[in-house]
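Structural overview for review
Listed below are the residues making up each chain.
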Amino acid sequence: MARTTQERAVRTRESILRAAAEVLDEYGFAGASITKIAERAGATTGAMYFHFKSKEGLAQAVMNAQPDTIVPLLQSQGLQRLVDITLVWSRQLQEDALLRAAVRLAVEQGAFGMRDDTSYRTWMRIMTECLLDARDRGELLESTDPVEVAEFVVGACTGIQLYSQLVSGRADLPERTVAMWRYLLPGVAVPAVAERIELATDRASSV
C-alpha cells in the first residue's frame, strides 16, 4: 500500500511539473497562475502545494529539470557526448514544453525576482565531465581547459537559442548549433577527432 501511494505521488508530481511547464511556456511566469496550472494538471491546488511550496518553487523545479529532458537520450561518450547534448537540446527546444519553459525561466528569472544559477551550474558540471572524459581519451588539444570550454558552451548555447528564437522561432537552432561546433571543434580537439565528430542536424533523433 505504501509503495502504491508513493508511486501515485510521484506521478502526480510529474503531471503537475509537466502542466506547469506547458502553462509557463505559453504565458510566462507572470501569466502562469496556480489555478491555470492546477486545471491543466487535473489536480487540486492543495496537491500542488503539497509537492511545491510556491509558484517560485515550482518554477525552480521546472528550470532545474533541463538535464532530465536530454541526458537519458544520450548513448555517446567523450567529446561526441558533449556535442550530442547540444544537438539534442537544439531539437528538444522545438518539441518539449518542459525544456522550453525551463530555458525561458532561466533566462527571464530576474524579471520576477529570482536569481538561481543552478541550471547553468548543472550544465557546466555535466559538460565538464564530458570534456574530462574526452581528455582521458586523448581527444583534446593540450591547451584545452575542460572547465573553460564547458563554461563557454553553456554561454554560447544560451545566446544562440535567444537569437534563434528571435529570428526564426528556433526553427534554425539545430543548424546554428552545428555551425557553432564547426568553428569551435578545431580549437579544442585534436584534428583527427575534430574530423570524425558527427554534426548532422538529424543526429538528435539517433543518439
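Residues numbered from 1 in each chain as written. Predicted model: local features only at pLDDT ≥ 70, side-chain atom pairs only at ≥ 80, totals over all residues. Heavy atoms only, no water.

**A short note on the pattern of salt bridges**
For the structure on display, the rule yields eleven salt bridges. Through salt bridges with shared partners, one network takes in Glu-14, Arg-18 and Asp-96. (Salt bridge = Lys/Arg side-chain N within 4 Å of Asp/Glu carboxyl O.)

**Let's talk about the packing of helix H5 (residues 78–95) against helix H7 (residues 118–136)**
Two numbers describe how H5 lies on H7: the axes approach to 6 Å, and their chain directions differ by 150°. Compared by their axis directions, H5 and H7 come out roughly antiparallel. In contact with Gly-78, Leu-79, Arg-81, Leu-82, Ile-85 and Thr-86 of H5, H7 contributes Trp-123, Ile-126, Met-127, Cys-130, Leu-131, Asp-133 and Ala-134. Here the residues of the contact of H5 with H7 are counted per class, giving nine nonpolar, two polar and two charged. (Axes fitted to C-alpha atoms, helices over the stretch in contact; angles between N-to-C directions. Helix = DSSP H or I, 4+ residues; strand = E, 2+ residues; numbered from the N terminus. Parallel < 35°, antiparallel > 145°, perpendicular 65-115°, else oblique. Contact = heavy atoms within 4.5 Å. Nonpolar A, V, L, I, M, F, W, Y, C, P; charged D, E, K, R; others polar.)

**A closer look at empty space enclosed by the protein**
Per the counting criterion, the structure on display carries one cavity of 30 Å³ or more. Here the largest cavity is characterised by a volume of approximately 200 Å³. The wall of the largest cavity is formed by 17 residues, among which Gln-66, Trp-89, Trp-123, Cys-157 and Thr-158 lie closest to the centre. At the level of elements, H5, helix H6 (97–108), H7 and helix H8 (146–168) are the ones that each hand at least two residues to the lining of the largest cavity. (1 Å grid on protein atoms, 1.4 Å probe; cavity = no way out; pocket = protein on both sides within 12 Å on 5 of 7 lines; lining within 4 Å. Points joined across faces, edges and corners; volume = space filled by probe spheres on them.)

**Structural notes on H8**
Between its first and last C-alpha atoms H8 spans 32 Å; for 23 residues at 1.5 Å apiece the expected length is 33 Å, and the two agree. Those residues of H8 lying buried are Pro-146, Val-149, Ala-150, Val-153, Val-154, Ala-156, Cys-157, Ile-160, Gln-161 and Ser-164. Where H8 is buried, its residues contact H5, H6, H7 and helix H9 (173–188). Where H8 begins, one side-chain oxygen reaches toward the backbone nitrogen of Val-147, 2.9 Å away; that side chain belongs to Asp-145. Backbone geometry just downstream of H8 places Gly-169 in the positive-phi region, at approximately 65°. (Expected span 1.5 Å × (residues − 1). Buried < 20%, exposed > 50% of the residue type's maximum accessible area, 1.4 Å probe, protein only. Polar contact = N/O pair within 3.5 Å; in protein donor to acceptor, adjacent residues only side chain to side chain.)

**Describing the confidence of the model for the protein**
Mean pLDDT for the protein: 92, with 96% of residues reaching 70 or above. Mean pLDDT across the elements of the protein bottoms out in helix H1 (residues 2–31) (87) and peaks in helix H10 (residues 191–196) (98). (pLDDT = per-residue confidence, 0-100.)

**Examining the nonpolar core**
The biggest cluster of nonpolar side chains holds 38 residues, and the ones touching the most others in it are Leu-79, Ile-85, Trp-89, Met-127 and Trp-181. Counting only elements with at least two residues in this core, the list comes to H5, H6, H7, H8 and H9. Setting aside residues no more than four positions away along its own chain, Trp-181 makes contact with Leu-82, Val-83, Thr-86, Val-153, Pro-186 and Leu-199. (Core = buried A, V, L, I, M, F, W, Y, C linked by side-chain atoms within 4.5 Å.)

**Regarding H6**
Over its twelve residues, H6 runs 16 Å from end to end, which matches the ideal 16 Å to within 8%, given 1.5 Å per residue. Every buried residue of H6 is listed here: Ala-97, Leu-98, Leu-99, Arg-100, Ala-101, Ala-102, Val-103, Leu-105 and Ala-106. Two or three places before Leu-98, at the opening of H6, Asp-96 has a side-chain oxygen 2.8 Å from that residue's backbone nitrogen.

**A short note on the side chain of Ser-119**
Its place among the elements puts Ser-119 in helix H7. Among the residues examined, Ser-119 registers a relative accessible area of 5% and is labelled buried. Excluding anything up to four places from it in sequence, Ser-119 contacts Met-63, Asn-64, Gln-66 and Ala-106.

**Some remarks on a nonpolar patch on the surface**
On the surface, a cluster of nonpolar side chains totalling about 340 Å² of accessible area is made up of Tyr-163, Leu-166 and Val-167. Position of Val-167 relative to the elements: it lies in helix H8. (Patch = residues over 30% accessible without salt bridge, like charges linked within 9 Å, V, L, I, M, F, W, Y side chains within 5 Å. Areas by Shrake-Rupley, 256 points an atom, 1.4 Å probe, with all protein chains shown as cover.)

**Focus: unusual backbone geometry**
For residues that are not glycine, phi is negative in most cases, and the peptide bond is trans in most cases. We note that Arg-170 has phi near 70°; this positive angle belongs to a residue other than glycine. Relative to the helices and strands, Arg-170 resides in the loop between H8 and H9. On the basis of relative accessible area, Arg-170 is assigned to the buried category, the value being 8%.

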